[in-house]
There are 2 protein chains.
Amino acid sequence: MTSLHALDALIVALRRLPGVGEKSASRMAHHLMQHDRAGAQLLSQALAHAAQSVQHCVRCYAFTSATLCETCLDPSRDASRLCVVETPADQTAIERTQSYKGLYFVLMGALSPLNGIGPQEVGVKRLFERVEHDGVVKEVILATNFTAEGEATAHVLSQAFKKRGIEVTRLARGVPLGSELEYVDLGTIAHAMVDRKSTP
Amino acid sequence: MTSLHALDALIVALRRLPGVGEKSASRMAHHLMQHDRAGAQLLSQALAHAAQSVQHCVRCYAFTSATLCETCLDPSRDASRLCVVETPADQTAIERTQSYKGLYFVLMGALSPLNGIGPQEVGVKRLFERVEHDGVVKEVILATNFTAEGEATAHVLSQAFKKRGIEVTRLARGVPLGSELEYVDLGTIAHAMVDRKSTP
């Protein structure tokens, strides 16, 4: 066992990656050892560097290597709009659309009382503090997921912000681009019907 | 760009893994940063250690951390049988079946003249040296892949070993376990028909 130890340890470690099972891990390890040792070294360094230096922006809680993220530091962003997302990955997805020029707040999760995740665990209190401290937010855009937890979180936040006189919006629900109605789930079609828009 | 640098660099590095595109790499990076920093550190160390210490066994060319791999060092293995595989991953697959107790030789590739991979590039010369130097190999089992390159390699090796008076066998071709004939490709069924066996 000792002579194979380094390769086996690598396979075990690769299984910590989401979506990577035993077969994929073995294939990745063999590929790196056989064809891409430089890639293995590069990935090793990138992992160590990221694990050490990636932290949360103190203002919006997105991932950053500094105290404040570049989005929060960007003076061209519209500070009167605040988009609330569950995770940094959701924020990245919205940024890639280039359809939004306001700021963000990352909850790092969604409310899920059944799993013991209440307002304390996700950044709800920090979100209210942030909005009150800034005093410039006019619209909160709720971009939590369209899952049970995400919808519940959006509902709770919506009620709370409306009480404080702040406009609250939610991403539109509807039929995804490129889809054929035959294969779209009924709930989505029903929502798209209710939220139908006049053609220009 | 600078503040996101560590995370972006990690995403780029993760794409060096086979089968990992931009979306998977982003998901892996976010998962590690958000939920499993310890996993990131562990994987970093495993990669560095493997890239540094994994080498090829001087006798069979499999991956090992020592000069000789544990299979070659195992006195209980039958040295008169030599199984020739293309890659260490193929060897691992055969080992996991526990159906073979002989030794191995890893070619590290297959002959592919169209891609400029001749006998020099894969370990054919080393294989012949190994068999002649040992002088105890009675049967060479060809377990190269059942692809055009693997079959061509098996053919070339088969001719060469037969000339030297060594018995040469090839893994059986046939219908995979658990498959329904309706969905098996015709070439496989044709081979299974030609190689049909008497029932016991």
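Refer to the preceding data block for the structure.
Residues numbered from 1 in each chain as written. Chains lettered and ligands numbered in written order. Predicted model: local features only at pLDDT ≥ 70, side-chain atom pairs only at ≥ 80, totals over all residues. Heavy atoms only, no water.

Visitor: What's the story with the sheet that holds strand β5 (residues 139-142) of chain B in this structure? I'm lost.
Guide: The pairing of strands in a sheet happens through backbone hydrogen bonds and is either parallel or antiparallel. Residues and elements named next belong to chain B. Reading across from one edge, β4-β3-β5-β6 is the order of the four strands in this open sheet, with parallel pairing throughout. A strand with exactly one partner marks an edge of an open sheet, and here the two such strands are β4 (102-106) and β6 (167-170). In this sheet, adjacent strand axes meet at a mean angle of 25 degrees when their direction is disregarded. Against the sheet, helix α5 (residues 88-97) contacts β3 (78-85) and β4, and its axis sits at roughly 160 degrees relative to β4. Against the sheet, helix α6 (residues 124-134) contacts β3 and β4, and its axis sits at roughly 150 degrees relative to β4. (Pairing = 2+ DSSP bridges. Helix = DSSP H or I, 4+ residues; strand = E, 2+ residues; numbered from the N terminus. Axes fitted to C-alpha atoms, helices over the stretch in contact; angles between N-to-C directions. Contact = heavy atoms within 4.5 Å.)

Visitor: Whenever I open this one, the relation of the copies chain A and chain B confuses me. Can you help?
Guide: Put simply, the second copy of the chain is the first one after a rotation about an axis and a shift along it. Superposing chain A onto chain B requires a rotation of 180 degrees together with a translation of 0.0 Å along the rotation axis, leaving an RMSD of 0.1 Å. Put plainly, the chains are arranged around a two-fold axis. Of every C-alpha in chain A, the one belonging to S44(A) sits nearest the axis of rotation, 2.0 Å from it. A share of 100% of interface residues in chain A that are also interface residues in chain B marks the association as one of identical surfaces. (Least-squares fit on C-alpha atoms with pLDDT ≥ 70 in both.)

Visitor: I would appreciate a short explanation of the pattern of salt bridges in the present structure.
Guide: Between side chains of opposite charge, a pair can form when the charged atoms approach closely. One pass over the full model with this rule turns up 20 salt bridges over all chains. Between R16(A) and D36(B) there is a salt bridge, and its shortest N-O distance comes to 2.9 Å. Residue R16(A) is found in the loop between α1 (5-14) and α2 (22-35), and its partner D36(B) is found in the loop between α2 (22-35) and α3 (37-53); the two belong to separate chains. Take D36(B): its relative accessible area is 13%, and that puts it in the buried class. The shortest N-O distance in the salt bridge between R81(B) and D78(B) comes to 2.9 Å. A residue is classified by how much of its surface remains accessible, and R81(B), at 36% relative accessible area, is partly exposed. Within the structure, one salt-bridge network assembled from shared partners comprises R15(A), E22(A) and R96(B). (Salt bridge = Lys/Arg side-chain N within 4 Å of Asp/Glu carboxyl O. Buried < 20%, exposed > 50% of the residue type's maximum accessible area, 1.4 Å probe, protein only.)

Visitor: Sorry, what's going on with the packing of helix α3 (residues 37-53) of chain A against α3(B) here?
Guide: Think of two packed helices as two axes; the pair is described by the angle between the axes and how far apart they sit. Interhelical geometry of α3(A) versus α3(B) gives an angle of 150 degrees and a closest axis separation of 8 Å. In terms of axis orientation, α3(A) runs roughly antiparallel to α3(B). Note that α3(A) runs across α3(B); the crossing there is left-handed. Along its contact with α3(A), which presents R37(A), A40(A), Q41(A), L43(A), S44(A), L47(A), A48(A), A50(A) and A51(A), the element α3(B) presents R37(B), A40(B), Q41(B), L43(B), S44(B), L47(B), A48(B), A50(B) and A51(B). Among the residues forming the contact of α3(A) with α3(B), the class breakdown is 12 nonpolar, four polar and two charged. (Parallel < 35°, antiparallel > 145°, perpendicular 65-115°, else oblique. Left-handed = near helix turned anticlockwise from the far one by under 90°. Nonpolar A, V, L, I, M, F, W, Y, C, P; charged D, E, K, R; others polar.)

Visitor: Mind showing me how you'd approach the interface of chain A and chain B here?
Guide: Interfaces are often sized by the amount of accessible area the parts lose when they come together. Counting residues at the interface gives 52 residues for chain A and 54 residues for chain B. Contact between chain A and chain B buries roughly 4700 Å² in total, counting both sides, with carbon and sulfur atoms accounting for 65%. Connecting chain A to chain B are four salt bridges. Where chain A packs against chain B, one counts seven residue pairs in polar contact (both at pLDDT 80 or more). Mapped onto the side of chain A that touches chain B, the elements with two or more residues apiece are α1, α2, α3, β2 (63-64) and α5 (88-97) of chain A. The biggest single contributor to the side of chain A that touches chain B is α3(A), with 15 residues. Its residues placed into classes, the side of chain A that touches chain B shows 29 nonpolar, 16 polar and seven charged. (Buried area = accessible area lost by both parts, 1.4 Å probe. Polar contact = N/O pair within 3.5 Å; in protein donor to acceptor, adjacent residues only side chain to side chain.)

Visitor: Quick question: what am I supposed to make of the sheet that holds strand β4 (residues 102-106) of chain A here?
Guide: Residues and elements named next belong to chain A. One open sheet accounts for four strands, arranged β4-β3-β5-β6; its pairing is parallel. Unpaired on one side and paired on the other, β4 and β6 (167-170) mark the two borders of the sheet. Sheet twist, expressed as the mean angle between neighbouring strand axes with direction ignored, is 25 degrees. Pairing of strand β3 (residues 78-85) with β4 involves five bridges; the strand directions are parallel. Its bridge partner being in β4, D78 is matched across the sheet by G102. Contacts from α5 reach β3 and β4, with the element oriented near 160 degrees to β4.

Visitor: Hey, could you run me through helix α1 (residues 5-14) of chain B in this one?
Guide: For an α-helix, 3.6 residues make a turn, and residues three or four places apart therefore share a direction. Those residues of α1(B) lying buried are A6(B), L7(B), L10(B), I11(B), A13(B) and L14(B). Along the axis of α1(B), the buried residues cluster in a sector spanning 165 degrees; they form a single face. (Arc of directions from axis to C-beta.)

Visitor: Can you help me understand the pairing of β5(B) in this one?
Guide: For a regular strand, side chains alternate in direction, first toward one face of the sheet and then toward the other. Residues and elements named next belong to chain B. The two faces of β5 match: E139 and I141 on one face and V140 and L142 on the other face are all buried. Bridge count between β3 and β5: four bridges; the pairing is parallel. By the bridge assignment, L82 is partnered in β5 with V140. Taken together, β5, helix α7 (residues 148-163) and β6 constitute a β-α-β crossover, and its handedness is right-handed. (Right-handed = clockwise from strand over helix to strand, strands pointing away.)

Visitor: What is the right way to read the packing of α1(B) against α2(B) from this model?
Guide: Residues and elements named next belong to chain B. Two numbers describe how α1 lies on α2: the axes approach to 8 Å, and their chain directions differ by 130 degrees. Taken together, the axes of α1 and α2 are oblique relative to one another. Every pair of crossing elements has a handedness; the one defined by α1 and α2 is right-handed. Residues L7, L10, I11 and L14 of α1 pack against A25, S26, M28, A29, H30 and M33 of α2. Of the residues in the contact of α1 with α2, the class split is eight nonpolar, two polar and no charged.

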